[in-house]
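Commentary on secondary and tertiary structure
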Amino acid sequence: MNQAAAVGGSEAEAELQPEPEPEPLLSSAPPAVAKEEQKWPGSASVPASGAKEKTTSTVPLLPPPPGLPLAARRALASLSEEASKLRRSRRSEEGKPGRHGRQKKTKRVVTVDTSKAKTSSEALKICIQQLKWKEFPTGRRHLCDIYWHGSSFHDGEVSSSGQVNKYPGMTELVRKINFSRAVRTMQELFPEEYKFYPRSWILPEEYQTFADQVRVSKENDSSWKPTFIVKPDGGSQGDGIYLIKDSNDVRMLANLHSKPAVVQEYISKPLLIDKLKFDIRLYVLLKSLDPLEIYIAKDGLSRFCTEPYQEPNSKNFHRVFMHLTNYSLNVHSGNFIHSDSVNTGSKRTFSSIVTKLSMRGYDVKKMWSDIITLVIRAIIALVPELKIYHQTYIPPGKPGPTCFQILGFDILLMKNMKPVLLEVNANPSMRIEHEQEISPGLFEYVASPVDEEIKVAIIRDTLCLVDPALKKNNRHQSCLTDVAADSDKEKTTEAELHDMNGTPSSKEQNLSSLCLKQVFPKYSRQFSYLLIVDRIALLFIRFLGIKGSMKLGPTGFRTFIRTCKLSNSNLSMASVDILYIDIARRWNVIRGDRGESGMCFQAFMEAIFHLAQRRYKTPPLREQVEALVNFCDYQLEVQEDKHILYGRGTTDQRLSLTMYQPEGSRSGATNHMHLLNRMSMSNRLPASSLPASADQQLVNSMSSRVTDCSPAASFSPNGWDNLGCRFCRNANQSCSVIGLSDVRSQRLKLTQILRPSVTSYFM
């Protein structure tokens, strides 16, 4: 090495070295004494920054000058010793000084209770060690930050300030029957968006419908030879699943009342690799319900059958190793291959499959886009009822744990690369070892490299995202917030969805290689119109009445009808009572709740559909339901505004009302201009003109508060013009949807609650 290089290296090292701190003086000693202390080499002086602290006694090694009095020498030695003790105690608490002399505070260790983790315990132990957190495998008497449950929310006690990895009600909602009902509700409203879930029938209640539809379809198309798969509602790991060709092949119809099942169309033309059928186990993190946050793992597992695939026929129906991809079934096959490589064997990483498909010329970016879309839509179908469960066990406004959950999505790829959702698992296996037979009848657990690579990364990143210290001192939070903020400002395109497996952005590169990718609210703009059922769930929760209840009583239903002004000459309150009794009783029989009264959420959805179709005659159902929900929201907001105007609102509500008034009108009489002009706003029509006295801030605030269901009109100082209705699209004075002969009367009715002076001015 030449001299220049040596000099350069020394300079680089000098740049990395922290600058030495000036030698501190004892604050308790006077300046004269401090100077004397520096002159005596035998006394215990304060060391410079970076110098190693001596652990020996601070008694002077050499005696002080003889001219100094004995009392002064003893006092000086005592001060020096106290300073050394204080310095050592501070360093032990705060750590070593930083580069610029700032002391680093010790980080509080996150505690995790894994006593109920079950099969996830080994993977959890590895993750907690990597994060340098504290694990309590047998529980802890004191409160923990995170509780990891193996089965459900109710596995054990959880502190109100802690976090738990299960949502209340998730296990019940993803059962095959409940999940099929939730998706079917969305299919009625959005038939094109929810084609990813196979057509399903619930047995035994829909057995006759299933038989009739199959018979009619065969009569219309003689070449149609379908295959169906029957799945028990409470089955798992492939237990009790079998294939049929006709409705008459359903086994033990008499037992279906005690053991209900779901029958679905069988995907007979799946994508094959090495002539074997396979499915994808993709892991999804539901981090939050409100606001909704969804993360998808960038990699998953591909589970293969162990026999070459053939289209189902009467000769191979019984060959489960050919048709069913469940790991728990195929592991008992003699052809199952345990491999240490992620690219071979009967269980591989999904990324290895993506690489192989890409080499064959398949559009894997489009495939990822379809998978992300499928996951978001499936979660949106689950969220409404999940919120009802959540408010039942964790009422709003009361202390309770924060929930998150890892879900397992089982997805099948068809020959055309379209993904099909088979089912959702609330408790996907996080075991990172598998059984291996070492001798006949003797098994032991050995490590599975494929499982460990995927599952450890998912659990570790989940823990990082729910880290209690994330908001205070973690760079992940700022990066994730920036990503979410950018997604709200910029319109998301389909190309962004394609980018799932592409090059990460600079912000994502700062997340220390997270394997979980946020897809919602990042892509919320494309899916916000699907949240109509979520709005209906909020109406249901609002009128439940009894806290902790999950069923709407007759009084609550009547209150809902009255408050939202849904009763009229065509729908009397007596008809409302009959409707409630009919729907509630039928659903209680369907769900097996014969001894219970009340209307469940699915029954409430049926009532909403009935009311929407009765009130709005123009199909499709989606627009009818959306119009009804908009109308209900509008009526509820008018009620809230009335309470505020009469002084019955809270202080916060009154303060918020003043934000929607011009500066000049905030003193003196209350200004009701914003309430009047809510009647003249519409998203689909030009914004109304306001008097010159209203400033631009008022215009913007009123535009942001307008609902989708208000009649369309424009206001001018001379009066109201362009009367019409956004429901029936009429441009004249009549409106069949609102139920009034004149839209003007709706405005008159609203202004009756206002002061006479304001009413006369605007009328």
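Overview of the structure. (Residues numbered from 1 in each chain as written. Predicted model: local features only at pLDDT ≥ 70, side-chain atom pairs only at ≥ 80, totals over all residues. Heavy atoms only, no water.)

Notes on the sheet that holds strand β7 (residues 242-244)
Note the following rule: For two strands to pair, DSSP has to find at least two bridges joining them. Numbered from the N terminus, helices here are DSSP runs of H or I no shorter than four residues, and strands are runs of E no shorter than two. Angles here are taken between N-to-C directions and fall from 0 to 180 degrees, while the axes themselves are lines fitted to C-alpha atoms, restricted in helices to the stretch in contact.
Taken in spatial order, the four strands make up an open sheet running β5-β8-β6-β7, and their pairing is antiparallel. With one partner strand each, in any of the chains shown, β5 (200-203) and β7 form the two edges of the open sheet. For this sheet, the mean inter-axis angle between neighbouring strands, taken without regard to orientation, is 30 degrees. Bridging between strand β6 (residues 228-232) and β7 involves three bridges; their strand directions are antiparallel.

Things to note about the pattern of salt bridges
Note on pairing: side chains with opposite charge can pair once their charged atoms come close. Inclusion rule: Any Lys or Arg side-chain nitrogen found within 4 Å of a carboxyl oxygen on Asp or Glu counts as a salt bridge. Burial here depends on accessible area, computed with a 1.4 Å probe over protein chains only, as a share of the maximum for the residue type. Under 20% is buried, over 50% is exposed, and the range in between is partly exposed.
Scanning the entire structure with this criterion turns up 27 salt bridges. Here Lys418 makes a salt bridge to Asp370, at a shortest N to O gap of 3.7 Å. Of this pair, Lys418 sits in the loop between β15 (405-413) and β16 (419-425) while Asp370 sits in helix α11 (residues 364-393), and the two are 48 residues apart along the sequence. The class for Lys418 is partly exposed, based on a relative accessible area of 38%. In this structure, Asp577 and Arg558 form a salt bridge, with 2.6 Å as the shortest nitrogen-oxygen distance. With Asp577 in helix α19 (residues 573-590) and Arg558 in helix α18 (residues 554-563), the pair connects residues that are 19 residues apart, well separated along the chain. Its relative accessible area of 29% is what places Asp577 among the partly exposed residues. Residue Arg558 is classed as partly exposed on the basis of its relative accessible area, which comes to 22%.

Some words on the packing of aromatic side chains
Applicable threshold: Between the rings of Phe, Tyr and Trp (Trp by its six-membered ring), a pair exists once the centres lie within 6.5 Å; its type follows the angle of the planes, with under 30 degrees stacked, over 60 edge-to-face, and the other angles tilted.
Inspection of every chain in the model, using the stated rule, returns 17 aromatic pairs. Ring geometry for Phe278 versus Phe304: centroids 5.2 Å apart, planes at 25 degrees, classification stacked. Of this pair, Phe278 sits in strand β10 (residues 276-288) while Phe304 sits in strand β12 (residues 301-304), and the two are 26 residues apart along the sequence. Accessibility expressed as a relative area gives 1% for Phe304, which makes it buried. Centre to centre, the rings of Phe543 and Phe560 are 5.5 Å apart; their planes meet at 70 degrees, and the pair counts as edge-to-face.

Points about the packing of helix α6 (residues 176-189) against helix α20 (residues 601-615)
What describes two packed helices is the angle between their axes and the distance between those same axes. To be explicit about the condition: Comment on the angle field: the value is read as roughly parallel under 35 degrees, roughly antiparallel over 145, roughly perpendicular from 65 to 115, and oblique elsewhere. Each crossing gets its hand from how the near helix is turned against the far one by less than a right angle, where anticlockwise is left-handed and clockwise is right-handed. A contact between two residues is defined here by any heavy atoms of the two lying within 4.5 Å.
Axis separation between α6 and α20 bottoms out at 11 Å; the angle between their running directions is 15 degrees. By the angle class used here, α6 and α20 are roughly parallel. With respect to the hand of their crossing, α6 and α20 are arranged in left-handed fashion. Touching Arg181, Ala182, Thr185, Glu188 and Leu189 of α6 are Gln602, Met605 and Phe609, all from α20.

Considerations on the sheet that holds strand β1 (residues 111-116)
The sheet built from five strands is open, its strands ordered β2-β1-β3-β4-β14 with parallel pairing. Where the open sheet ends on each side, the last strands, each with one partner, are β2 (134-136) and β14 (402-403). Strand direction decides the pairing type here: β1 and β2, joined by three bridges, are parallel. From the neighbouring strand, Thr111 faces β2, where its bridge partner is Lys134.

Section: the packing of α18 against α20
At their nearest, the axes of α18 and α20 sit 13 Å apart, and the two run at 30 degrees to each other. With respect to α20, the axis of α18 lies roughly parallel. Crossing angle aside, the handedness with which α18 passes α20 is right-handed. In contact with Phe557, Phe560 and Ile561 of α18, α20 contributes Phe604, Ala607, Ile608 and Leu611.

Details of the nonpolar core
This is how it is decided: Throughout, nonpolar core names a set of buried Ala, Val, Leu, Ile, Met, Phe, Trp, Tyr and Cys residues whose side chains join them through atoms within 4.5 Å.
Grouped together as the largest cluster of nonpolar side chains are 109 residues, with contacts concentrated most on Met367, Phe409, Leu421, Phe557, Phe560, Met599 and Val625. Top contributing element to this core by residue count: α11, with 17 residues. With residues near it in sequence (within four places) discarded, Met599 still touches Phe540, Met550, Lys551, Leu552, Phe557, Tyr580, Ile583, Ala584, Phe604 and Ala607. Core analysis: the second largest hydrophobic core is formed by 31 residues, Val112, Ala117, Phe404 and Val456 among them.

Details of the environment of Ala537
With respect to the helices and strands, Ala537 occurs in helix α17 (residues 532-542). In this structure the C-alpha to C-alpha distance between Ala537 and Ile388, which are 149 residues apart in sequence, comes to 7.3 Å. Among residues more than four places away in sequence, those in contact with Ala537 are Pro384 and Phe601.

Re the side chain of Glu135
Spelled out, the test is: By the counting scheme adopted, Arg and Lys are positive, Glu and Asp are negative, and His together with the chain ends is not counted. Each polar contact in these results corresponds to two N or O atoms within 3.5 Å; when the atoms are within protein, one needs to be able to donate a hydrogen and the other to accept it, and residues that are neighboring in sequence are counted only if both atoms are side-chain atoms.
Secondary-structure assignment places Glu135 in strand β2. Of the side chains with opposite charge, Lys125 lies nearest to the buried Glu135, which makes no salt bridge, at 5.4 Å. A polar atom in the side chain of Glu135 sits 2.9 Å from the side chain of Thr114.

Comments concerning the pairing of β15
For β15, the tally of buried residues reaches nine of nine residues, placing the bulk of the element in the interior. Here β15 shows a buried face lined by Gln405, Leu407, Phe409, Ile411 and Leu413 and a second buried face lined by Ile406, Gly408, Asp410 and Leu412. Here six bridges tie β15 to β16, and the two strands are oriented antiparallel to one another. Counterpart to Phe409 in the pairing with β16 is Val424. Hairpin geometry of β15 and β16 is characterised by an intervening segment of five residues between the two adjacent antiparallel strands and by a positive phi of about 70 degrees at Met417.

Remarks on helix α12 (residues 449-465)
The line we're drawing: For a helix, the expected span equals 1.5 Å multiplied by the residue count minus one.
Here α12 contains 17 residues, and its C-alpha end-to-end distance of 24 Å stays within 8% of the 24 Å for a straight helix at 1.5 Å per residue. Burial analysis of α12 places 13 of its 17 residues in the buried class, the great majority of the element.

Here's the deal with the pairing of strand β3 (residues 146-149)
Side chains of β3 alternate between two faces, with Ile146 and Trp148 and Tyr147 and His149 buried alike. Where β1 lies against β3, three bridges are found, and the strand directions are parallel. By the bridge assignment for β3, Val112 is matched with Ile146.

Overview of α20
For α20, built from 15 residues, the straight-helix expectation of 21 Å at 1.5 Å per residue is met to within 8% by its first-to-last C-alpha distance of 21 Å. Within α20, eleven of the 15 residues are buried, which leaves the element mostly enclosed by the surrounding structure.

Topic: unusual backbone geometry
Across the junction of Leu203 and Pro204, the peptide omega takes the value 10 degrees, indicating a cis bond. When you line up the elements, Pro204 lands in the loop between β5 and α7 (207-220). Residue Pro291 is bonded to the preceding Asp290 through a cis peptide linkage, with omega at 5 degrees. With respect to the helices and strands, the residue Pro291 is situated in the loop between β10 and β11 (293-297). One non-glycine residue with positive phi stands out, namely Lys118, at about 60 degrees. With respect to the element layout, Lys118 can be found in the loop between β1 and α4 (121-131). You can call Lys118 exposed: its relative accessible area is 53%. The residue Met417 is not glycine, and still its phi comes out positive at about 70 degrees. Using a relative accessible area of 10% as the deciding quantity, one classes Met417 as buried.

A look at the state of the cysteines
Where we set the bar: Here, the term disulfide refers to a pair of cysteine sulfur atoms separated by no more than 2.5 Å.
Scanning all chains against the criterion turns up zero disulfides. Looking at Cys464, it has no disulfide partner, and the nearest cysteine sulfur is the one in Cys127, 8.7 Å off.

What about the side chain of Glu193?
Within the fold, Glu193 resides in the loop between α6 and β5. In this structure Glu193 is buried but unpaired, with Arg622 as the nearest side chain of opposite charge at 4.6 Å. Contact partners of Glu193, with chain neighbours within four places excluded, come to Arg377, Tyr529 and Leu530.

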